[in-house]
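Analysis of the macromolecular model
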Amino acid sequence: QVQLVESGGGLVQPGGSLRLSCAASGFIFSNYDMSWYRQAPGQERELVATITNLGSEINYADSVKGRFTISRDNAKNTVYLQMNSLKPEDTAVYFCYAFLRIMAIKTDYWGQGTQVTVSS
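Residues numbered from 1 in each chain as written. Predicted model: local features only at pLDDT ≥ 70, side-chain atom pairs only at ≥ 80, totals over all residues. Heavy atoms only, no water.

Description of the overall build of the protein chain
Cut-off, in case you're wondering: Only DSSP runs of H or I with at least four residues qualify as helices, and only runs of E with at least two residues qualify as strands; both kinds are numbered from the N terminus onward. Exposure is judged per residue with a 1.4 Å probe applied to protein chains only, and the accessible area is read against the type maximum: over 50% gives exposed, under 20% gives buried, and values in between give partly exposed. Note on contacts: a residue pair is in contact if any heavy atoms of the two residues lie within 4.5 Å. All accessible-area figures derive from a Shrake-Rupley calculation using a 1.4 Å probe, and residue coverage is judged against the displayed protein chains alone.
Check the secondary structure of the protein chain and you find 0 helices and 11 strands. In sequence order, the secondary structure elements of the protein chain are arranged as β-β-β-β-β-β-β-β-β-β-β. Seen through its principal axes, the protein chain has C-alpha atoms that stretch 45 × 25 × 25 Å. Residues classed as buried in the protein chain amount to 39% of the 120 residues present. Put simply, of all contacts in the protein chain between residues at least 6 apart along the chain, 54% involve residues at least 24 apart. Summed over its atoms, the accessible surface of the protein chain is roughly 6500 Å², and 48% of this surface lies on carbon and sulfur atoms.

Printed below as a string of structure tokens:
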């Protein structure tokens, strides 16, 4: 059974930090690229950061560059999102996403999400 379980969300003041974790099971984690997405109320889901399966390539949305860091530990089947200098506009549900494409075959999985609220 495939599972992506996010944790680490919560309420934080502007300027604060949070570290999200996503624990994966039920598939070969080290084969999959991993991403963090977020969705604010009334908004579309947006890509925050992506890391390739072995961590050789990382990309960020412009809105989080310099503040967020994505990383992964393939031995622990876990991907992380370190979020610093948080702003109220970072408030959203954050989702973990696993993605694999082999030729024309795409396989992907979503986590259930964890709420991040940035407010004073």
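Past the structure itself, the notes keep going.
Quick look at the pattern of salt bridges
Spelled out, the test is: One speaks of a salt bridge when a side-chain nitrogen belonging to Lys or Arg is within 4 Å of a carboxyl oxygen belonging to Asp or Glu.
Inspection of every chain in the model, using the stated rule, returns 5 salt bridges. Among the salt bridges present, the one from glutamate 46 reaches arginine 38, with a minimum N-O distance of 2.6 Å. One salt bridge connects aspartate 90 with arginine 67, and the closest N-O pair in it is separated by 2.7 Å. Separated by 23 residues along the polypeptide, aspartate 90 in the loop between strand S8 (78-83) and strand S9 (92-102) and arginine 67 in the loop between strand S6 (58-60) and strand S7 (68-73) bring together distant segments of the chain. On the basis of relative accessible area, arginine 67 is assigned to the buried category, the value being 10%.

Let's talk about the nonpolar core
Going by this rule: Among buried residues, the Ala, Val, Leu, Ile, Met, Phe, Trp, Tyr and Cys ones that are joined through side-chain atoms within 4.5 Å form a nonpolar core.
Met34, Trp36, Val79, Leu81, Met83 and Tyr94 are the most contacted members of the largest nonpolar core, which totals 29 residues. Counting only elements with at least two residues in this core, the list comes to strand S3 (18-25), strand S4 (33-39), strand S5 (46-51), S7, S8, S9 and strand S11 (114-118). Counting residues per element, this core draws most heavily on S9, which supplies 5 residues. Setting aside its immediate chain neighbours within four residues, methionine 83 contacts Gly16, Ser17, Leu18, Leu20, Arg67, Phe68, Tyr94 and Val116.

Things to note about the sheet that holds S7
The condition that has to hold: Here, a strand pair is defined by DSSP locating no fewer than two bridges between the strands. Interaxial angle, 0 to 180 degrees, is taken between N-to-C directions of lines fitted to C-alpha atoms, where a helix line uses only the stretch in contact.
In spatial order, the strands read S1-S3-S8-S7; together these 4 strands make up an open sheet with antiparallel pairing. The open sheet is flanked by strand S1 (3-7) and S7, the only strands paired with a single partner. Taken over all neighbouring pairs, the strand axes of this sheet differ in orientation by 15° on average, direction set aside.

A closer look at the packing of aromatic side chains
Centre-to-centre distance and the angle between the planes together describe a pair of aromatic rings. Here is the rule we go by: Any pair of Phe, Tyr and Trp rings, taking the six-membered ring for Trp, is counted once the centres come within 6.5 Å. Such a pair is stacked with planes under 30 degrees apart, edge-to-face with planes over 60 apart, and tilted for the rest. Note on geometry: a ring has a charge over it if NZ (lysine) or CZ (arginine) is within 6 Å of the ring centre and within 35 degrees of the ring normal.
Enumeration over the complete set of coordinates arrives at 9 aromatic pairs. Between phenylalanine 27 and phenylalanine 29 the ring centres are 6.5 Å apart and the planes differ by 50°, which places this aromatic pair in the tilted class. The same class applies to phenylalanine 27 and to phenylalanine 29, which are both buried. Aromatic rings pair up to connect Tyr37, Phe95, Tyr97, Phe99 and Trp110 into one cluster. Here the basic side chain of arginine 45 rests over the ring of phenylalanine 95, its NZ or CZ set 3.8 Å away from the ring centre. The ring of tryptophan 110 is capped by arginine 45, whose NZ or CZ atom sits 4.6 Å from the centre of that ring.

As for unusual backbone geometry
Even without being glycine, asparagine 77 reaches a positive phi, approximately 55°. For asparagine 77, the location among the structural elements is in the loop between S7 and S8. Positive phi, normally seen in glycine, also occurs at serine 85, with a value near 50°. With relative accessibility at 42%, the residue serine 85 sits in the partly exposed group.

That's the geometry; what it means functionally is another story.
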